[in-house]
Amino acid sequence: MAITALATGGCGSDPAPASATVDLAKLDTGSYATKPQQLVPKDPARMSRNMEAMRLADAVPLPQQIDPALTHNLGGVHAFIDVKAFGSSSPFASFDNDAFTASTPGLIAGFGTAAASNADTKNLGYTLRHSVMIFESDAAATAAATALSGMRFDTITNPDPLQSTVYPSARVVWIPQFQALSSWYATGRYVIGDVVNHHENVELKISDPNVMLALADKAIGVTVERLKDFRPTPVDQLANLPLDPQGILELTLIRPDGDQTAFALQGTLSRDAALHREDDPNEGRALFDKFGVDYMGFGAGRLVRTRDAAAAEGFVGVESVGRVWHRIDSPQGLPDARCVKYQGPVAFQFPYRCMVAYGRYAAEAWSQQPQDVYQRISAQYAILANDK
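Fair warning: this is a prediction, and the values are worked out from it, not measured in the lab. (Residues numbered from 1 in each chain as written. Predicted model: local features only at pLDDT ≥ 70, side-chain atom pairs only at ≥ 80, totals over all residues. Heavy atoms only, no water.)

1. Here's the deal with the nonpolar core
Stage number 1. Formed by 61 residues in total, the largest nonpolar core has its most connected members in L56, L227, F288 and F315.
Stage number 2. Of all the elements, helix α6 (residues 209-227) adds the most residues to this core, at eight residues.
Stage number 3. In this structure F288 touches R271, A274, L275, E278, V293, M296 and F315, once residues within four positions along its chain are discounted.
Stage number 4. Listed in part, the 22 residues of the second largest apolar core include L303, Y352, V356 and A365. (Core = buried A, V, L, I, M, F, W, Y, C linked by side-chain atoms within 4.5 Å. Buried < 20%, exposed > 50% of the residue type's maximum accessible area, 1.4 Å probe, protein only. Helix = DSSP H or I, 4+ residues; strand = E, 2+ residues; numbered from the N terminus. Contact = heavy atoms within 4.5 Å.)

2. Digging into helix α1 (residues 44-56)
Stage number 1. Taking 1.5 Å per residue, 13 residues should reach 18 Å; α1 reaches 18 Å between its end C-alpha atoms and fits that length.
Stage number 2. Three or more residues of α1 are buried, namely M47, S48, N50, M51, E52, A53, M54 and L56.
Stage number 3. Residues of α1 that are buried make contact with β4 (78-80), β5 (107-116), β6 (126-135), α6 and β11 (267-270). (Expected span 1.5 Å × (residues − 1).)

3. Some thoughts on α6
Stage number 1. Compared with an ideal rise of 1.5 Å per residue, which puts 19 residues at 27 Å, α6 spans 27 Å between its outermost C-alpha atoms and is within 8% of the ideal.
Stage number 2. Among all positions in α6, only P209, M212, L213, L215, A216, D217, A219, I220, V222, T223 and L227 are buried.

4. A few points about the pattern of salt bridges
Stage number 1. All told, the structure shown has ten salt bridges when counted by the stated rule.
Stage number 2. In this structure, the salt-bridge partner of R305 is D294, at a minimum N-O distance of 3.0 Å. Here the residue R305 occupies a position in strand β13 (residues 302-305), and D294 occupies one in the loop between α8 (281-291) and β12 (295-298), the gap between them amounting to eleven residues.
Stage number 3. By relative accessible area, which is 24% here, D294 ends up partly exposed. (Salt bridge = Lys/Arg side-chain N within 4 Å of Asp/Glu carboxyl O.)

5. Description of the pairing of strand β16 (residues 352-358)
Stage number 1. By the criterion of burial, β16 is predominantly enclosed, with seven of the seven residues buried.
Stage number 2. Residues Y352, C354, V356 and Y358 line one face of β16 and the alternating positions R353, M355 and A357 line the opposite face, and both faces are buried.
Stage number 3. Pairing geometry for strand β15 (residues 338-342) and β16, over four bridges, is antiparallel. Its bridge partner being in β16, C339 is matched across the sheet by C354.
Stage number 4. Two strands pair when backbone bridges link them, and β16 and strand β17 (residues 361-367) are joined in this way by seven bridges, in the antiparallel orientation. The residue bridging Y352 from the neighbouring strand is S367, located in β17.
Stage number 5. The antiparallel hairpin formed by β16 and β17 contains two residues in its connecting segment, where G359 sits at a positive phi of about 60°. (Pairing = 2+ DSSP bridges.)

Structure representation (structure tokens):
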């Protein structure tokens, strides 16, 4: 099967490649699927909780909406249902995973985000790691907030307690030597968790817990207000949640078993929720507005739905370039794909990326190996082309 990919110029910072006729039979797609597939979860109960985590993302404020100074997103964005999604960039990176599990019986789903006031997160400014969790009941949430505040925090077993005058029931702990504070607040079925680290105060040998407590209190207030418009799914109705309400996941390359190269959960994020993943939320918002982005699907890569075909090409043109990303060859048979290799100053987990546009969709794949990223983007292209 041969098809013609339409390309348009002038939308992005890098000229679009010329149109090319693609013979799908000649693409190297490895063992990846090449046709749209309905997602059939191996564990329906777990997948239902995953979907609830994705829904919750819409209600979690951007750190910048809590504090306008938090303009540098840290990539610690996680939809989670247990500690399997946690890593060094997780909102819970300071805590022991076993202790978290023991502290959260009745956890349904959560969503976490993180940002800093300065790009230098070791010496300047401060960071906020913010999360919201849904529990089976109000009682489970209340018990979890208490238990979470007792976890070992930044290698300190017994941090100092602190009292919030704005939210007296919040469980707050404070570590002066690290200028670190955590706050756990139960409200209904939710627990709002915040971890604040003031790196600049550590360097300056200044201790000011009130500034950090004020930020945690502000995070609670903003989040409580947003949660008023969110309706958690009743526990007995979780199994009825639609797995693909926007029809995007069936077009998204499914992640192989054991794959660790993608977003923490397989699912769909709205435009606003996806802003948590942008390095700079202001730039991300402008980008989404320009190209009419409304939803993103996450599987073995990312599938972005834009306004139209021209917008998809423009989105790829902007997103596929960067100072630390250098162009490499496109995969065989798919010359319109734009592929790059990371050549920055620090190690990067997935140094190979490819993007391609088809119709109103912009697709992205990443990997540790060039052959794998070529196969992924080729398979994703084939899925979109085979959507008849």
